[in-house]
Amino acid sequence: MQTEHHLPARAAAPYDKAFLQRVMERMLLVRKFEDRVSLLFEQGHMHGTTHLCAGEEGTAVGTGMALGQKDYMLSTHRSHGQTLGKGVSANAAMAEMFGKATGTNGGYGGSMHIADIECGALGSNGIVAANAPIACGAALALKLRGETDRVVAVYFGDGASNAGAMHESMNLASAWALPVLFVLENNTYGMSTPLYKTAADTDLTKRALPYAIKSFEVDGNDVLAVYETVRAARAYALEHSAPALIVEHTYRTSGHSKSDDNQYRTLAEIAAWEAKSPIARFGEVLLANGFSPKELQALETAAERAVDAAEAYARKSPSPRPEGLERAVFAD
Amino acid sequence: MAREITYAEAIKEAMCQEMRRDASVFLMGEDIGGYGGAFGVTKGMLAEFGPARVRETPISETAYVGAAVGAAMLGMRPVAELMFSDFMAVCYDQIINQAAKIHFMFGGKVNVPLVIRAAAGGGTGAAAQHSQSLEALYCHVPGLKVALPSTPYDAKGLMLTAIRDNNPVIFLEQKRLYPALGDVPEEAYAIPFGQADIKRAGGDVTLITYGRMVQMCLEVAAKLAPEGISAEVLDLRTLVPLDMASVLKSVGKTGRAVVVHEAVAFCGVGAEIAAGIVDSPLFGSLKAPVKRVGARYCPIPFNPALEENNFPTPSGIEAAIRQTLA
């Protein structure tokens, strides 16, 4: 099985303006959502913990938009972007962050467990690599029912790439010919640890080799390249009823979690990656394709307003009631 | 019509009948196809249902138990076999952090109708990693139902209920009971979860038990009967949900309770039962302290004499009963 290396999308020519705008809108929504969550935590309006994905909008939105409406997606603990990228409502996601009854999970899950089954979001997972086996099962259900027009995408990170569950799952998906897209968001650090300290071979596309899985590799900060790569991998998975590994290289400019004080990297390194953030880069693409600076500014303002609305919706939503918690443990 | 079949055959019959009735039911496990499973429970099922529904898995408990969770979330009804219940420890994340929590954690918007079948218990010379009774662990995790049938009749009816339940069910098959014979109706029938069964009625002392220990308690009760000691044997059948009402009703009648299980006594299910009894209005009317009989606090040893000595014995149960009557 060979690796397909996708070059940066040099031109946006095949896409119409409306599509390009939707891509930017969704990336801006992710960034503004994360900025707001960060602020709300700092101000003490949100409790618990959270894992932000600033800088990873290209992988979240490029992947999410390449998936079909009916495809399933399973996300990591760093799930806000992945979830919004799949099309989950910002209102419901924000309400879940506030632990409200109107949240995606009725306030029972929180940041690490956002799920919206109707939207195909089968759940974020607080346990690293744990969604890979579950994704195999979802794909198995599709296969057993003869639903051959859908795939299951499961995100994991460079940190998770060393977990046994990932390897067992890639083997299982290949042995059973399941249409699972293993989407490896290589965001450069597993919490604070760079990959070279935990793996002798840092070429993550090779993780597909022992399992006879086709792999794809792409610059994750080039949102259109991500979109095209995931579309190609999806088409491959459907055509062959087979899994694929997609390695998307990116960088988390936000800290690991709210307790991260960035001791493991330099401010210069973060600044360098911020300069080549997927939003900044895609802004250049839009300017070269007929968008005016004023239009870009308007998109940013609209995203800010959408997050304002999500926060207002979440704040005025009711909290779940403590009565009957035990009754919620089991399904009828 | 009832006829005698084994405990293993009763479990298989329930699975076959459910698979014929419902296309969403399928099996996964190691060597469950041509080999018929480590204990032969699924023998012949591959021929009837084919490899898509009797799926032989790699030795990847995390992957295939997790896959069972994922398939269940999409409305399938997987039955995953683990050769030995000890192997659940290999994939606790999928059982404890995933299967048990997904319905609750996702706000009730998705169900996980999944059965994990596993051979549990000792007395086979398989030593420390193939003989444990770990049911108390699963009881302690909200979101898992736990069933432990003690007879072929119960095994069939409880398996049917397990498959039809919309939640994860840990179905602990007692490996020493697989060859046990009993009357089992041919037609499908359900035994509801959370209904303990009086396996022998009595008036002086209640033996509260489940699984392999039910038979041992019945033998002890029969032995003591000629002396005029009338022991009631209450088989819990499921631990989650737990039929505490039947326990209290029986102990309310006898005034004495002995809890017997094969699992380690320390922090075992017996502790919960005993606490439930003394924490009830029966407290003042108990005629004796509640006794617990369980395995000793050690891994299961290999030497046959040591192993037998590790588990509850008929003489140990008898001694506990006599203490409550003293």
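Residues numbered from 1 in each chain as written. Chains lettered and ligands numbered in written order. Predicted model: local features only at pLDDT ≥ 70, side-chain atom pairs only at ≥ 80, totals over all residues. Heavy atoms only, no water.

Quick notes on the overall build of chain A
Part 1: A tally of regular secondary structure across chain A gives 10 helices and 9 strands.
Part 2: Taking 2.2 N^0.38 as the reference for a compact globule, 332 residues should give roughly 20 Å; the C-alpha atoms of chain A span a radius of gyration of 19 Å, in line with that estimate.
Part 3: For the C-alpha atoms alone, the extent of chain A along its principal axes is close to 55 × 50 × 40 Å.
Part 4: For chain A, the proportion of its 332 residues judged to be buried stands at 57%. (Helix = DSSP H or I, 4+ residues; strand = E, 2+ residues; numbered from the N terminus. Rg over C-alpha atoms; globule rule 2.2 N^0.38 Å. Buried < 20%, exposed > 50% of the residue type's maximum accessible area, 1.4 Å probe, protein only.)

Comments concerning the nonpolar core
Part 1: Among the nonpolar cores identified, the biggest contains 96 residues, and A:F182, B:M73 and B:I277 are the most heavily contacted of them.
Part 2: In this structure, this core is formed jointly by two domains, domain 1 (2-185) and domain 2 (197-325) of chain B, each of which donates at least three residues.
Part 3: Setting aside chain neighbours within four positions, we find A:F182 in contact with A:A132, A:C136, A:V154, A:F156, A:M166, A:S169, A:M170, A:A173, A:P243, A:A244, A:L245 and A:I246.
Part 4: Counting 61 residues, the second-largest nonpolar core is a separate cluster that includes A:A66, A:A95, A:V218 and A:A237. (Core = buried A, V, L, I, M, F, W, Y, C linked by side-chain atoms within 4.5 Å. Domains from an automatic or database assignment. Contact = heavy atoms within 4.5 Å.)

Remarks on the confidence of the model for chain B
Part 1: Taken as a whole, chain B shows an average pLDDT of 97; of its residues, 100% reach a score of 70 or greater.
Part 2: Model confidence for the complex: the whole-complex pTM is 0.96, and ipTM, which rates the interface, is 0.96. (pLDDT = per-residue confidence, 0-100.)

Points about the interface of chain B and chain A
Part 1: Contacts between chain B and chain A engage 41 residues on the former and 38 residues on the latter.
Part 2: In this structure, the connection of chain B to chain A is made through 0 salt bridges.
Part 3: Summed over the shared surface of chain B and chain A, the result is 11 residue pairs in polar contact (both at pLDDT 80 or more).
Part 4: For the side of chain B that touches chain A, the elements supplying multiple residues, two or more each, are β2 (25-29), β3 (54-56), α3 (61-73), α4 (92-99) and α5 (102-105) of chain B.
Part 5: Here the side of chain B that touches chain A is composed, by residue class, of 20 nonpolar, 15 polar and 6 charged. (Salt bridge = Lys/Arg side-chain N within 4 Å of Asp/Glu carboxyl O. Polar contact = N/O pair within 3.5 Å; in protein donor to acceptor, adjacent residues only side chain to side chain. Nonpolar A, V, L, I, M, F, W, Y, C, P; charged D, E, K, R; others polar.)

Here's the deal with the packing of aromatic side chains
The description of two aromatic rings rests on the distance between their centres and on the angle between their planes.
Part 1: Tallied over the full model, the rule gives 15 aromatic pairs over all chains.
Part 2: Between the aromatic rings of A:Y108 and B:F104, the centroid separation amounts to 4.8 Å while the plane-to-plane angle is 70 degrees, which identifies the pairing as edge-to-face. In this pair, A:Y108 sits in the loop between α4 (90-97) and β3 (121-124) while B:F104 sits in helix α5, so the two residues belong to two different chains.
Part 3: Among the residues examined, A:Y108 registers a relative accessible area of 25% and is labelled partly exposed.
Part 4: By relative accessible area, which is 26% here, B:F104 ends up partly exposed.
Part 5: Ring geometry for B:F39 versus B:Y178: centroids 5.2 Å apart, planes at 35 degrees, classification tilted. Of the two residues, B:F39 sits in the loop between β2 and α2 (45-49) while B:Y178 sits in the loop between β7 (169-174) and β8 (181-185), which places them 139 residues apart along the sequence.
Part 6: On the basis of relative accessible area, B:F39 is assigned to the partly exposed category, the value being 31%.
Part 7: Relative accessible area serves as the criterion here: at 7%, B:Y178 is assigned to the buried category.
Part 8: Clustering of aromatic rings is evident, with ring pairs tying together B:Y7, B:F39, B:F84, B:F87 and B:Y178. (Phe/Tyr/Trp six-rings, centres within 6.5 Å; stacked < 30°, edge-to-face > 60°.)

As for the packing of helix α1 (residues 17-42) of chain A against α4(A)
Residue and element names in this part refer to chain A.
Part 1: For the pair α1 and α4, the least separation of the axes is 12 Å and the interaxial angle reads 20 degrees. Classed by the angle they form, the pair α1 and α4 counts as roughly parallel. Judged by the twist between their axes, the crossing of α1 over α4 is right-handed. Of the residues in α4, those touching α1 at L29, F33, R36, V37, L40 and F41 are A90, A93, M94 and M97.
Part 2: A per-class count over the contact of α1 with α4 returns 9 nonpolar, no polar and 1 charged. (Axes fitted to C-alpha atoms, helices over the stretch in contact; angles between N-to-C directions. Parallel < 35°, antiparallel > 145°, perpendicular 65-115°, else oblique. Left-handed = near helix turned anticlockwise from the far one by under 90°.)

Some thoughts on the layout of surface pockets
Part 1: One number sums up the size of the largest pocket: a volume of about 590 Å³.
Part 2: Along the walls of the largest pocket sit 30 residues, with B:S133, B:A136, B:L137, B:C267 and B:G268 positioned nearest its centre.
Part 3: At the level of elements, α6 (135-139), β12 (238-240), β13 (257-264) and α10 (269-278) of chain B are the ones that each hand at least two residues to the lining of the largest pocket.
Part 4: The element contributing the most residues to the lining of the largest pocket is α6(B), with 4 residues.
Part 5: Grouping the amino acids of the lining of the largest pocket by side-chain chemistry returns 20 nonpolar, 6 polar and 4 charged.
Part 6: Both domain 1 (2-185) and domain 2 (197-325) of chain B contribute no fewer than three residues apiece to the lining of the largest pocket.
Part 7: Considering the residues around the second largest pocket, the lining is formed by 30 residues, among which A:T76, A:H77, A:V128, A:G157 and A:A160 are closest to the centre.
Part 8: Looking at the lining of the second largest pocket, the elements with two or more residues in it are α5 (131-144), β4 (152-157) and β6 (189-190) of chain A.
Part 9: Of the residues forming the lining of the second largest pocket, the biggest block, 4 residues, is contributed by β4(A).
Part 10: Here the lining of the second largest pocket is composed, by residue class, of 12 nonpolar, 13 polar and 5 charged. (1 Å grid on protein atoms, 1.4 Å probe; cavity = no way out; pocket = protein on both sides within 12 Å on 5 of 7 lines; lining within 4 Å. Points joined across faces, edges and corners; volume = space filled by probe spheres on them.)

Here we look at the pairing of strand β11 (residues 231-235) of chain B
All names here are of chain B.
Part 1: By the criterion of burial, β11 is predominantly enclosed, with 5 of the 5 residues buried.
Part 2: Neither face of β11 is left uncovered, since the one carrying A231, V233 and D235 and the one carrying E232 and L234 both have all their residues buried.
Part 3: Pairing analysis gives 5 bridges linking strand β10 (residues 205-209) to β11, with the strands arranged parallel. Counterpart to T209 in the pairing with β11 is D235. (Pairing = 2+ DSSP bridges.)

A few points about the domain arrangement of chain B
All names here are of chain B.
Part 1: Parsing chain B into structural domains produces domain 1 (2-185) and domain 2 (197-325).
Part 2: Facing the 26 residues of domain 1 at the interface are 22 residues of domain 2.
Part 3: Summing both sides of the interface, domain 1 and domain 2 together bury roughly 1,800 Å²; the carbon and sulfur share of this comes to 60%.
Part 4: Summed over the shared surface of domain 1 and domain 2, the number is 2 salt bridges.
Part 5: Between K199 and D154 there is a salt bridge; the shortest N-O distance is 2.6 Å.
Part 6: Taken together, domain 1 and domain 2 are joined by 12 residue pairs in polar contact (both at pLDDT 80 or more).
Part 7: Among the elements of the structure, α6, β6 (145-147) and α7 (152-164) are those that each provide at least two residues to the side of domain 1 that touches domain 2. (Buried area = accessible area lost by both parts, 1.4 Å probe.)

A look at the packing of α5(A) against α3(B)
Part 1: Relative to each other, α5(A) and α3(B) sit at 50 degrees, their axes nearing to 6 Å. It follows that α5(A) is oblique to α3(B) by the angle criterion. When you trace α5(A) past α3(B), the crossing you get is right-handed. Seen from α5(A), the contacting residues are A:P133, A:I134, A:C136, A:G137, A:A138 and A:A141; seen from α3(B), they are B:T62, B:A63, B:G66, B:A67, B:V69, B:G70, B:A71 and B:M73.

With respect to unusual backbone geometry
Part 1: Here the amide bond leading from B:V240 into B:P241 is cis, since omega sits at -5 degrees, within 30 degrees of zero.
Part 2: With a phi angle near 55 degrees, A:A177 is a residue other than glycine that sits in the positive phi range.
Part 3: Phi at B:D31 is positive, roughly 60 degrees, even though this residue is not glycine.
Part 4: In this structure, B:D31 sits in the loop between β2 and α2.

Some details on the sheet that holds β11(B)
Residue and element names in this part refer to chain B.
Part 1: Ordered in space as β9-β11-β10-β13-β14, the 5 strands form an open sheet in which the pairing is mixed. Because the sheet does not close on itself, it has two edges, and the strands there are β9 (197-200) and β14 (291-295). Geometrically, the sheet is characterised by an average inter-axis angle of 25 degrees between neighbouring strands, direction not taken into account.
Part 2: Of the strands in this sheet, β9, β10, β11 and β13 touch helix α8 (residues 213-224), which is tilted by about 170 degrees from β11.
Part 3: This element, α10, spans β10, β13 and β14 of the sheet and lies at about 160 degrees to β13.

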